[in-house]
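# Tertiary structure, described
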Amino acid sequence: QQQDQEFLHGDDTDVFLATFVALNAFGMAVCAVLCVLASHVKLANLALFLPYPVLCGFFSSVGLSIWMSSFKVDTGITVPHFWGSEHRLFSVMKHVPSIIAGIALYFLAPKSPVYLIGIIACTIALAYSTMMLTGTSLHEAQALGFFWEEKEVVMSSETHHDFPMHLWSHGVFKKISWDAFLNGVPDVIAMGLIYLIRCSLQAAALKRNLANYLRNKEAADTAASDGQPSFVVDKSVEEDKQPKRKPKDVLEVLMQFANTQFVTAITGGFAVIPSVGLSNTFVKIGSESRAPQLGACLLVLGCYLSNFRLIIFVPKCTFSSLLVMASIDLLTNWFIKSFRKTGSEWFVIPFIVLSGQMFGVLQSVALGVGISTMIFVSSFYRAGTVKFIANGLTIRSTIERHSEDNVWLDRNGDMIQTLVLQNYLFFGNATSVLKYISSMFDDIEVIDDSLLPPKPKYLVLDMSIVSGVDISAVDCFADVTSLCKTQGCKLLISGSSKMVRQALISGGVKPASHPHMSFVEDLEAALGMAEDGLLKFVGRNEERIQKNHLRGVHLRGMSQIDIGLRLALKQIDEQHNLSFATYLQGLAEYTTAMDLKAGEQLDLPRGLYFVESGMIKAEADTSASLTRGRQKLFATPVMGRSTDSIGQLTARSATVGRGQAALKNAPGIMSQFSHTFRLARVGPGFVIGCISEFTGQEIPGTFICMTESRVHYLPFETIEELEISKPTLIMHLYKLLAHLGARRQELTIGQLSTLRSIMSSSAPSKPISRKALAHLSENFQP
């Protein structure tokens, strides 16, 4: 207790130094542990996501602080105290030589290390020359503040021996004030966290700065090589032949820092670790190479062996001029030159510099991050949330339908509204989507109701290119779901990733609670589902088809001759505007009529099936795909989850190489056992099995009757026999199949054009509302 009282009153230097050494050792250990944690959980990489203006502001603040340090070295007072001092002019005169020497170093030192050494030597020579001309002694110059006094830099040997300077000093643990030690622990931990943040900030900035330097160096080398004669050997070619060392990652550097800090913590000393490269000038002259580094270590060792007595013979301006050069370098690169690169965000940089002097550098960085975030949000909002706006009149699925169904959809397709969303949906842009969807159901008074677009029965929201949603956006989509339920509209959300879908479900947007909404695999499936529902519940197409089927059954019952195939061929001609029915009537004796019930699945051996009546749907076979990778042949790097980052992948790996080699050695390996086909809702006027007839494969997919149906089956073996016995008949058949295949190709090209228009369209800044469309239609009336 008496020892603690002596420490509190400042009477016991041993207690103070022992406690300080122990607390310093603890701080080194904390920094080492934090560096290890940052390296293993990659906390340091978070600084790579800091906005560029924030990094510029941080290093501009560092540059300003370095200049203020140089001013204090020359004058002995800080810049804030300068304005209240009595000898302001004399202080400025002492700092002017450092400014002149620093500017000379900034412009000349990058050209050659000789200039750097020469300017430093000139500052020492000019200082002593001025002393000789004015008759000023070293003692007088020290008194005036141009040199350091001996008591400022030199400690006597008795002091080294008497006071505890490290943990291994005699009796140091007995002299520690543990109450004072515990009081200092929170501050030490806080400073350790600040050290980690600063290391991550500086590492991110230096990584970007190094890339800029390498680009400038490459451009300079290219310009220099253009003027060389052709017989001069390019050194860069020889350097490329030498094995290059891969630059160490930030996380590896942090681990090396941690090892040094652990060793320092054991001894209780200070770790001299580079935390920031102060100037590009030192990089340009090659100071990072081994020779300058070893020379600097020998110079420090010489000063240490002389008890730092050599420092008193070097003028202060020699040291402060280097600080001035570093300050000019940082301010030029990060403050002035950044104006052209950052544009409208540049005002964040001076804000951070000013707030750094008022509140502290780290606090100013936090404020800068906040301002940059607001700028980013506003810019992201202007980028647009809706990539593409369409309805059933402007975009259709690739499902093949009967001509009557296509005509009906051409007239009533605007009851399907489609929005292709993009980017990250958050509180700033999701509300605009809700506002636009609400306008679809507005009750508006117009002169002619026929001019007003109908309220949608189906709303398709495609999220294939949506990267994520926040909780505010989820609330907006919950409101959209409730709105659609109130208005009797079916909501289809297509293409959502697993992460986006999980966020929507967690926010209450799920089919279990809202039967009127569904998650669909992709936009094509959603459009097909919407068209099917519209035809079934509004167009009543299934009822019409069922009536036609029953009428055909009645006519066949009254007639002794089955004219079903003739009717099917006639419907094909009417459906596709052809004239093959007369030439193909001879196929009737070779076909077999098949009556199918609703819900029955077709057992399809190879051949052609001419649909006479009913409706049959074709569903995709999950085993049919051209996706390279179904057989685990990873010809490209694969992200297993939607939350994975591309930064975690390696472009060149043995796994990718084996996958590519397998595909190269066996061309067409995927297409031999898998293929894709078009979904369809086939009815009268369709032929099933066209693809199988030309490719020689089994008919892909699953065909299920939606209503009672009747088809006429022509086996593949019979077609082969007729090629010999009746070649003219089969030639007309093949000609018909070629026409039908060409029509399918036209549909595919049209769908690809639609997809291209979706991806290449610019996001509308403000979608046109239902009310505005009504006014436009009214104004365009003749």
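Only a predicted model underlies this, so the values are computations on that prediction, with no experimental measurement involved.

Now for the packing of aromatic side chains. By the definition in use, this model includes 14 aromatic pairs. Each ring, one from Tyr-52 and one from Trp-334, has its centre 6.2 Å from the other, and the planes form 40°; the classification is tilted. Here Tyr-52 is found in helix α3 (residues 52-75), whereas its partner Trp-334 is found in helix α15 (residues 316-336), with 282 residues between them in sequence. Considered together, Tyr-52 and Trp-334 belong to a single accessibility category, that of buried residues. Ring pairing ties together the aromatic residues Trp-67, Phe-71, Phe-82 and Trp-83, which thus form one cluster.

As a further point, take unusual backbone geometry. Excluding glycine, a negative phi dihedral is what most residues carry, and trans is how most peptide bonds are arranged. Residue Asn-423 is not a glycine yet carries a positive backbone phi of 65°. Along the chain, Asn-423 turns up in strand β2 (residues 416-425).

Quick look at the side chain of His-732 now. You can see His-732 is positioned in helix α29 (residues 727-760). Looking at His-732, the relative accessible area reads 16%, which means it is buried. With near-sequence residues (within four places) excluded, His-732 lies in contact with Phe-580, Tyr-583 and Leu-584.

Attention now goes to the pairing of strand β1 (residues 386-391). Counting buried positions over the 6 residues of β1 gives 5, a clear majority of the element. Strand direction decides the pairing type here: β1 and β2, joined by 5 bridges, are antiparallel. In the sheet register, Phe-388 faces β2, and the bridge partner there is Val-420.

Here the focus is the confidence of the model for the protein chain. Predicted coordinates in areas of low pLDDT are best not read in detail. Residues with a pLDDT of 70 or more make up 68% of the protein chain, whose mean pLDDT is 76. Confidence drops under pLDDT 50 across residues 1-11; counting only partners more than four residues distant or on other chains, this segment forms 12 contacts.

The next thing to look at is the nonpolar core. Ranked by size, the top nonpolar core spans 31 residues in total, and within it Leu-419, Leu-421, Ile-437, Leu-459 and Leu-504 carry the most contacts. For this core, the secondary structure elements donating two or more residues are β2, α20 (430-439), β3 (458-469), α21 (471-487), β4 (490-494), α22 (498-506) and β5 (517-520). Leu-578, Leu-587, Leu-736 and Leu-740 belong to the second largest nonpolar core, which has 22 residues in total.

Turning our attention to the pattern of salt bridges. This structure, assessed with the given rule, holds 7 salt bridges. A network of salt bridges, in which partner residues are shared, links Arg-396, Asp-410 and Glu-531.

Let us now look at a nonpolar patch on the surface. A surface patch of nonpolar side chains, about 570 Å² in accessible area, is lined by Leu-298, Leu-301, Tyr-304, Leu-305 and Phe-308. Relative to the helices and strands, Leu-305 is located in helix α14 (residues 290-305).

For Ala-593, the location among the structural elements is in strand β6 (residues 592-596). With relative accessibility at 34%, the residue Ala-593 sits in the partly exposed group. Between the C-alpha atoms of Ala-593 and Glu-612, which are 19 residues apart in sequence, the distance is 9.4 Å.

The first and last C-alpha atoms of helix α6 (residues 113-134) sit 32 Å apart over 22 residues, in line with the 32 Å expected at 1.5 Å per residue. What α6 keeps buried is the set Leu-116, Ile-119, Ile-120, Thr-123, Ala-127 and Met-131. Seen along its axis, α6 keeps its buried residues to an arc of 110°; they face one direction. Facing away from the buried side of α6 by over 90 degrees, the exposed positions are Val-114, Ile-117, Met-132 and Leu-133. Those residues of α6 that are buried are in contact with α5 (88-108), α7 (138-144), α13 (280-284) and α15.

Quick look at the sheet that holds strand β7 (residues 607-613) now. Spatial strand order, β6-β12-β7-β10: 4 strands in an open sheet with antiparallel pairing. Both outer strands of the open sheet, β6 and β10 (687-688), are each paired with one neighbouring strand and no more. As judged from the 6 bridges shared by β7 and strand β12 (residues 709-715), these two strands associate in the antiparallel manner. Across the sheet, Phe-610 pairs through a bridge with His-712, a residue of β12. Where helix α25 (residues 564-576) meets the sheet, its contacts fall on β7, β10 and β12, and the angle it forms with β7 comes to roughly 90°. Packing of helix α28 (residues 716-725) onto the sheet brings it into contact with β7 and β12, and relative to β12 it is tilted by some 50°.

Turning our attention to the packing of α6 against α15. Helix packing for two helices is described by the angle between their axes and how far apart those axes are. Between α6 and α15, the least distance of the axes is 8 Å, while the angle of their chain directions is 145°. Relative to α15, α6 is oriented so that their crossing is right-handed. Packed against α6, whose contacting residues are Leu-116, Ile-120, Thr-123 and Ile-124, the element α15 presents Cys-317, Thr-318, Ser-321 and Leu-322 at the interface. Looking at side-chain class alone, the contact of α6 with α15 contains 5 nonpolar, 3 polar and no charged residues.

What counts, and where the lines are drawn
Residues numbered from 1 in each chain as written. Predicted model: local features only at pLDDT ≥ 70, side-chain atom pairs only at ≥ 80, totals over all residues. Heavy atoms only, no water. Phe/Tyr/Trp six-rings, centres within 6.5 Å; stacked < 30°, edge-to-face > 60°. Helix = DSSP H or I, 4+ residues; strand = E, 2+ residues; numbered from the N terminus. Buried < 20%, exposed > 50% of the residue type's maximum accessible area, 1.4 Å probe, protein only. Contact = heavy atoms within 4.5 Å. Pairing = 2+ DSSP bridges. pLDDT = per-residue confidence, 0-100. Core = buried A, V, L, I, M, F, W, Y, C linked by side-chain atoms within 4.5 Å. Salt bridge = Lys/Arg side-chain N within 4 Å of Asp/Glu carboxyl O. Patch = residues over 30% accessible without salt bridge, like charges linked within 9 Å, V, L, I, M, F, W, Y side chains within 5 Å. Areas by Shrake-Rupley, 256 points an atom, 1.4 Å probe, with all protein chains shown as cover. Expected span 1.5 Å × (residues − 1). Arc of directions from axis to C-beta. Axes fitted to C-alpha atoms, helices over the stretch in contact; angles between N-to-C directions. Left-handed = near helix turned anticlockwise from the far one by under 90°. Nonpolar A, V, L, I, M, F, W, Y, C, P; charged D, E, K, R; others polar.

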